[in-house]
Structure formats: structure tokens, C-alpha cells
Amino acid sequence: MNLLDNLNPEQLAAVTLPSQSALILAGAGSGKTRVLTTRIAWLIQTSQVSPAGIMAVTFTNKAAKEMLSRLSAMLPINTRGMWIGTFHGLCNRLLRTHHRDAALPQSFQILDSQDQLSMIKRMLKALNVDDEKYPAKDLMYFINNAKDNGRRAADCEAYDHVQKRMVELYDAYDQQCQREGVVDFAELLLRAYELLQRNHPLRQHYQMRFRHILVDEFQDTNDLQYNLLKLLAGHHEPAGGAIFAVGDDDQSIYAFRGANVGNMQAFEREFEVKNLIKLEQNYRSHGHILDTANFLIANNKQRLGKNLRTDAGQGEPVRIYEASSDLEEAQWIIDEAKSLMGEGVPRSEIAILYRSNAQSRVIEHALFAAGIPYTVYGGLRYFQRAEVKHAIAYLQLMDNPHNDSAFLRVVNFPTRGIGARSIEQLQMAADSYGVSLYAAVPHMTGKAGTVLSNFVKLIESARFETQQLPLPEMVKVVLERSTLLDHYGKEKEGAERIENLEQMVSAATHFVQEEGFGVTAPAHLGPQAAASSGAAIVNLDGIELLDADAPLAAVMSPLSAFLSHASLEAGDAQAQAGQDAMQLMTVHSAKGLEFDAVFITGLEEGLFPHESSSRELDGVDEERRLMYVAITRARKRLYMSFTQQRMLHGQTRFNMKSRFFDELPEESLKWLSPRVQTKWFGGRNSTTAWDDANFRENGSDNQIARQITQKSSSDKGIGWRIGEQVAHARFGEGVIVNIEGGAGSPRALINFGGAGMKMLDLSVAKLEKVAR
DNA sequence: GCTGTTACAGTTTTT
DNA sequence: CTGTAACAGC
């Protein structure tokens, strides 16, 4: 079958573009991954490039794997020669290959965010920094932000004392990392960038090699990533290759972590892009859903401009539901989901989305009570679990004993009588000699010296014993020698932890097979053996260059590679409990996924759009894009809901319905009337199903309902109630949050959303009731 | 060194 | 309301 069969005209045009830089605006569900992979396959099949000339960059391991597997289904060739992976994965590979030029030890280790934070905390303590004035989290943010913008401490401008100190601390942090032989995530990219920038021949080598660089989710690139791409592509350099950038500015939802949508326009301008192709044909959603998405996103300014279309027909309207409370919202979701399942929709095809994780609780509770299987995305990942991190720390120390984070994690775990005092002394010794904790152990005397050197002996002997062993065997020995298995064996709830630890052996087995270790080179030999067994080392201007097809085994030992893998690919979040379970996740984590039926919940001012977004520049636009992502996840059925009252942080909040509802096409919507209606007139409430239901549901809601009843009855004659939606000539629509002052001087605290909270005198203010 | 108490903060997330 | 982090006490 021909590669190009079944592509639509735009897709075909994109796939077969000439070898120039191009920007593909790929709407949601427009076959973006298909275009990317087919482009690669087509380039190779038509002999325009060899596999080694291809680099494809993604943000997540999942996307990289997806690409690789689709590609190997398409092409009967070895995908090994291609560099396909995440930014971090590829930079890791680059830095391992050229570790000398990058001034890194061969077995440098990668800190995850947790390790990075604890390292910063440790440093602040050692330097006696006031952690009130310089919180570790702030410093970490500062450092990562600087690195993401390509700035070293020396490049940072400081306008005041605090900033000046931050820059000093940034510098101290980098030095400490260098001493320990560790790099954080941002450092991987920055080092790679600096390496290529500084090293002309090396840069030229890669520029000539990678004729085609394909970038997925281009709208998510930060400035450093974009600059790295510019270097690799040889932007304005003679050897330069072409960048095939695929992205969607309407799905840019990661500004908060440094992503810069502006990179798309910058790319178009700087690379003088002549080929801009829009993929607007959507293969996912029915018409009403797509219309809803298009209508909403049209409210954003500064778009590159795109309108999705479908051949699928209008389908069902988007259903909107107003719930009286978060509990009732959850109950409604369950009722609707049940009827969907009755129509034959599998549970796994039903997704419940929310803006923030805290919202999942109530829904989970209701699902649990209803006995419906569900999975929540975003739990603890395998390699993040405490017991696994402990085992990894032992392995890290065996591969690089100067990793202080690893040292501190396990020096007294399981406990071996090394207390805080000993560690403090050791820390002081290490600081005064300017060495790692491990290297400072010989300077210790007395009892502390003895126990510490016993720990060092444990690590050394484990290293010695496992030198000749393949990786999975090595892991097995470490689990035994560290006494981690014994330790958890004695714990009451240790069974699951032991299971996780034992799973590490199979993870190692799997890894060794997957990455080709032990095939090219015996596990214990590593770089040299691999080099002599085929991967040629080319010498170019005195720079070591490995042959294009050098396997991972040629540039790092199996252990180093496995440890990188553990840091860069944190593994799956918890084993998928039931195969067929409803899917709960944040809107962010839903990006890239699709479902037959989608519920978007908590569509209230303050929640979605989130209140903090109004403080940020273009914050609401980003929230709108987030909403756009949420809508476009649905294939056939889309539900949206909001509530009159919601429990958040232990307090009941009354929010207006989301402004986004005003931006949707009425003809595509179906407002489900609340199944219960509240009617309060002049403080005289006609008891309705609404509060009946609430009184019955549970204690806390009960209380709230009673509170409201009390409030309104004490405000007899005023005619307003808490939770009611009102309109004001100047402030627009709002919702009454509180009423005080009694009949004498009644005042209402009203949440006007964008216009803020106002306290209005009810006898004066001109308020209108708004039907919802 | 471990356990219980209190204080406090509290979007979104991948690597 | 809930999870985490820091500290006091056994």
C-alpha cells in the first residue's frame, strides 16, 4: 500500500513539502501524528534522506514512543539510526556522547524536580541562608526560569539585594551540581545548547547530519528549546537542515512552565517559512462539538487563525447542566454516564475533566459509592515511589558516589545508626573540603566515622560484587544487600512496596532488551567494548564523534542508561486498576487524548477560568485555550456542568457560571433544566425538591442548606438570597455571596467575577435577578 | 529515631 | 477540607 494513500489534500501537501523549513498548523484531531510520521517515512522512502539524517523531537516519552511504533509499522527499516525522542532524552544522549566536551563525568546523573528541591534546601541550610527571605521553592523557580531562558548566573541581571543574592545562590547551586556530577532537567538542555554553541566543528557535524528536524507540539517550546533547534538546524549557517514544525497555537496551555507560543511566529519569520499549511479537517468530533470549539476560540485575539471542519455531521447537541452543588453535579454525571453505558458506550470511553485536581475528590466519592470503576490520571509514577527511589539511590551511589542527594536518601535508610548529628558533621567536613559527602567520609573520626565508613564499604562492595553482572542481576543484588527487602518485609504495609521493588528487576530486564544492551556489548563492559564492537569513533578536529549509528550502549554503561531512564521516564502512574474504567483527569492531562463522551465539570468563574488567570497577562486567553482543548477531546457526546455552590478549601463558595458559556453557539447547546428548581420570593421560600435533596444528601450539605434558609428567613422582605445570580448596570453579572445588616440596612456581598467583589446596599443598589 | 501534634497553604505538568 | 512540613516529646 502506498504511504500517501488516504491522506487529504492538506495532509498530502504537508507530507510532500520540499526540503525547506515549514510550519504545519495542525488543529485538534486533524491527523497531526500521522502527518509527522508519514513525512519521515516519505522522506526515507523517496531516498531524500537516510534514517540517520532524521531527528524528531517531542515533549513526552509517550509521544516519542507513539511516533516510533507508527513509523516502524509504516517502514520495514531499522529506526535505530534516527534520533527520535524528547528534548531531554536527546540532550542526554548528546551529552553522554560528548561528556568531555561538555565538562561532565561520563556517568553524570539526572536530578528530578524532587531531588533538585531537596538539593537547594540543603544548600540554603549549609550557607545559612534565611529561608524566610529565600524560600527554596522560589530559588528553584528562579534557577529553572533562568536556565529555560538560556541564562547562567553570570548572565542574570539583578536590580536589588534580593535578586543579587538569588543570582549568587544560583551560581553556588550550579557549582554544587558540578561537584556532585549531577544535572537538573533544565541543565540537560542548557548544557547541550552551550556545547553546540561553543563547539563549532561539533555543531557543524550535527547540522550536516540532521537534514530534517521534525518538531511535535511546537507551540509548547520554551525559548531555550527554540534556540537549541535553531543551532541544530544551522539557522543561517551553510550546513543547515530543515525544520518541520507542527503545532497548534490554539492548544498552547503551558505558558506557566515557560512555553512561548510566540516561537511559532518567530519561527515563521526567522526561518523565512514559505510553506505554511493548515490542517483544518477534523476526524474526531461531530459538528456541534466542533462548532462549539470554533465559536469559543474565536474570542481569542492574536491567533494564527484556523477553523476546524468535519464531515461527520452535526451529531448531538452539547448538553449543559446547572447543579445546585458539587455533590449534585457528581450525581448528575453518574446518572448521565450510566445512561451512556446503557447505550453501549464503554466506561473507558467516558472522560470526566476538571480544571484542578482538588475537584476529583467529590466525583471519585460518588463513583465509588455507585460502584463504577474509574481511574484517576496523574498519580504517583513508578520511579517516584519512595521505595523505588531508595533502591535507585543505591544504584546511583554505585555509579556516581558523589551524588549527595542519593547519599542522603539512603545513608540511614534502612536505619543503621547514622543520626542527624553525624550527618551534620559530615556535611560540615564536606563543605570545608569542597567535596561530596561520600568523599568526606574518610575525614570523619570517632563513632560517626566508623558507621559512615561502614556505609561506604557497603556501597563499594556492592559495586565490586555486581561489576560483572548484567543489569537485572545487579538490581537483584542491590535489593538484597541494601536490606531494603528485609526492611519492608518487617513493615505491616510493606507487601506492596516489596512488590514494587521486585518489579524493578523486570523493569531492568525489559530495559536491557528494549535498548539493545547486552546485544551489542556485554552488560559489564560498556563504552569501550561497544566502541570496539562496531561503533566507530571518528576524529574531527580533535573532537570525539561517534558513528551515526552508535547505539546507546556505546555512550553509556547499562547502569547509567537505566538511571537516566528512571529520571527521564518516571514510568506509568499506578497499574491500570480495571481495564474498563471511567477516566478522570485534569484538562491539561487530557491534551492529546480523545473519548466518545466527555464531561467538562466545574465551569464556574474563579475555577474555570481560574481566578489566578485574571492576574496574568493573557491569562484568560490561556484558560480559553484550555477550554478549547477540553471541548475538542470529545468525539460524540459533550457535557458541561457548573454548580451554584461548591466546597473548596473547607469553605462553601458561590460562583457565577463561567463566562465561557456566553461564548458558545446557542444553537449547538441544549440546556438541561435543573431537575430541581429553587424559588425564593421575598424571603418566603417555597420548599422545593432542590433543598429537599440537599437536606437528605449528607450532613455538610445539610448544614449549608440550613444556613441559607436561616439567612434568607432573617432577611425577610429583602427578596434576595445567597447564591442568587444578579445583574448590575456597572458591574455586570454577579452572584450573591453573603447578605448582612438585616432588614434595617441590608447589604449584599456580590462576586462580580471579573469586576471583583462588591458590597452593595440592597435598599439603594439597582439589581436585577438573572434567570440562569 | 520515631510518632503525634500543630501550623499552613492551597492551578495547571513534563522532563 | 486535606496533605505536607516542621517541631516537640517519648
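Since the model is a prediction, treat every value here as computed from it, not as a measurement. (Residues numbered from 1 in each chain as written. Chains lettered and ligands numbered in written order. Predicted model: local features only at pLDDT ≥ 70, side-chain atom pairs only at ≥ 80, totals over all residues. Heavy atoms only, no water.)

The next point concerns the overall build of chain A. For chain A, the helix and strand inventory stands at 29 helices and 25 strands. Out of the 772 residues in chain A, the part that is buried amounts to 56%. Residue pairs at least 24 apart in sequence account for 76% of intrachain contacts in chain A once pairs closer than 6 positions are excluded. Surface exposure of chain A reaches about 33500 Å², of which carbon and sulfur atoms provide 50%. (Helix = DSSP H or I, 4+ residues; strand = E, 2+ residues; numbered from the N terminus. Buried < 20%, exposed > 50% of the residue type's maximum accessible area, 1.4 Å probe, protein only. Contact = heavy atoms within 4.5 Å. Areas by Shrake-Rupley, 256 points an atom, 1.4 Å probe, with all protein chains shown as cover.)

Per the UniProt record, "binding site: ATP" (unreviewed entry) is found at A26, G27, A28, G29, S30, G31, K32 and T33. Assessed through its relative accessible area of 4%, G27 is described here as buried. Dropping the residues within four chain positions of it, G27 is found in contact with D248, Q251, L279, K306 and L308. Tracing the sequence through the fold places S30 in the loop between strand 1 (22–26) and helix 2 (32–45). (UniProt positions renumbered as here; feature names shortened; annotations may be inferred.)

What follows deals with the nonpolar core. Core analysis: the biggest nonpolar cluster contains 66 residues, and L139, I213, I243 and F267 have the highest contact counts within it. When residues in this core are grouped by element, the largest group, seven residues, is from helix 8 (residues 185–198). Once residues lying within four places of it in the same chain are set aside, the contact partners of F267 are S21, A22, L23, F218, Y226, I243, A245, E272 and V273. Within the second largest apolar cluster, 57 residues are counted, among which are Y382, V512, L552 and A553. (Core = buried A, V, L, I, M, F, W, Y, C linked by side-chain atoms within 4.5 Å.)

So, on to the protein's contact with DNA strand B. If you check the shell around DNA strand B, you find 26 residues, and the closest are N61, S113, R355, T586 and E616. Close to the protein, within 4 Å, the atoms of DNA strand B belong to sugar or phosphate groups at a rate of 53%. Between DNA strand B and the protein, one listed contact pairs a base oxygen with a side-chain N or O atom of H88 at 3.4 Å. In the environment of DNA strand B, a sugar or linking oxygen lies 3.4 Å from a nitrogen or oxygen atom belonging to the side chain of H610. Split into classes, the residues belonging to the surface near DNA strand B amount to six nonpolar, 15 polar and five charged. (Near = heavy atom within 4 Å. Polar contact = N/O pair within 3.5 Å; in protein donor to acceptor, adjacent residues only side chain to side chain. Nonpolar A, V, L, I, M, F, W, Y, C, P; charged D, E, K, R; others polar.)

For the rest of this paragraph, the subject is the packing of aromatic side chains. Throughout the structure, instances matching the rule amount to 22 aromatic pairs. Geometrically, the ring pair formed by F383 and F562 is edge-to-face, given 6.1 Å between the ring centres and 75° between the ring planes. Within this pair, whereas F383 is found in the loop between strand 11 (374–376) and helix 15 (386–399), its partner F562 is found in helix 25 (residues 558–568), the two being separated by 179 residues in sequence. Exposure class is identical for F383 and F562. Each is buried. Their ring planes at 90° and their centres at 6.0 Å tell us that F608 and F660 sit as a pair that is edge-to-face. (Phe/Tyr/Trp six-rings, centres within 6.5 Å; stacked < 30°, edge-to-face > 60°.)

This part takes up unusual backbone geometry. Following F413, the chain continues into P414 via a peptide bond in cis, with omega recorded as -10°. Tracing the backbone shows P414 in the loop between helix 16 (404–410) and helix 17 (420–433). The residue after F608, namely P609, is reached through a cis peptide bond having omega 10°. Position of P609 relative to the elements: it lies in the loop between strand 15 (595–600) and helix 27 (619–631). With phi around 55°, S47 is a residue other than glycine that occupies positive phi space. By secondary structure assignment, the location of S47 is in the loop between helix 2 and strand 2 (54–58). The phi torsion at N128 lies on the positive side, around 60°, for a residue other than glycine.

In this section: the environment of I352. Inspection of the secondary structure puts I352 in strand 10 (residues 350–354). Sequence separation between I352 and I333 is 19 residues; the distance between their C-alpha atoms is 8.4 Å. Discounting residues that sit within four places of it in the chain, I352 has contacts with I333, I363, L367, M582, Q583, L584, M585, F599 and T601.

The next thing to look at is the sheet that holds strand 23 (residues 747–751). The strand order across the open sheet built from five strands is 24-23-22-21-25, with neighbouring strands paired in antiparallel fashion. What marks the edges here is a single partner per strand, and that holds for strand 24 (757–761) and strand 25 (767–769). On average, each strand axis in the sheet is tilted by 45° relative to the strand beside it, whichever way the strands run. Where strand 21 (residues 725–728) and strand 22 (residues 732–740) come together, four bridges link them in antiparallel fashion. When the bridges of strand 22 are listed, V726 appears paired with G734. (Pairing = 2+ DSSP bridges. Axes fitted to C-alpha atoms, helices over the stretch in contact; angles between N-to-C directions.)

Glancing now at the confidence of the model for chain A. Mean pLDDT over chain A stands at 86; residues scoring 70 or higher make up 87%. When the criterion is pLDDT under 50, residues 520–538 qualifies, and its contacts beyond four places in sequence or with other chains add up to 37 contacts. Across residues 675–717 the pLDDT falls below 50, and counting only partners more than four positions away or on other chains, this stretch makes 57 contacts in the model. (pLDDT = per-residue confidence, 0-100.)

For the rest of this paragraph, the subject is the packing of helix 8 against helix 10 (residues 223–232). Between helix 8 and helix 10, whose axes approach to 10 Å, the crossing angle comes to 30°. Judged by the angle between their axes, helix 8 and helix 10 are roughly parallel. As helix 8 packs across helix 10, the resulting crossing turns out to be left-handed. Together, A186, L189, L190, A192, Y193, L196 and Q197 of helix 8 and L224, Q225, N227, L228, L231 and L232 of helix 10 make up the contact between the two elements. Per-class residue counts for the contact of helix 8 with helix 10 are ten nonpolar, three polar and no charged. (Parallel < 35°, antiparallel > 145°, perpendicular 65-115°, else oblique. Left-handed = near helix turned anticlockwise from the far one by under 90°.)

Once that is clear, we can look at a negative patch on the surface. Residues E480, D486, E496, E499 and E502 make up a contiguous surface patch of negative charge. A total of three residues in the negative patch trace back to one element, the largest contributor, which is helix 22 (residues 495–515). Take E499: it is sitting in helix 22. The exposed category is assigned to E499, whose relative accessible area is 54%. (Patch = residues over 30% accessible without salt bridge, like charges linked within 9 Å, V, L, I, M, F, W, Y side chains within 5 Å. Salt bridge = Lys/Arg side-chain N within 4 Å of Asp/Glu carboxyl O. Lys, Arg positive; Asp, Glu negative; His and termini not counted. Charge placed at Lys NZ, Arg CZ, Asp CG, Glu CD.)

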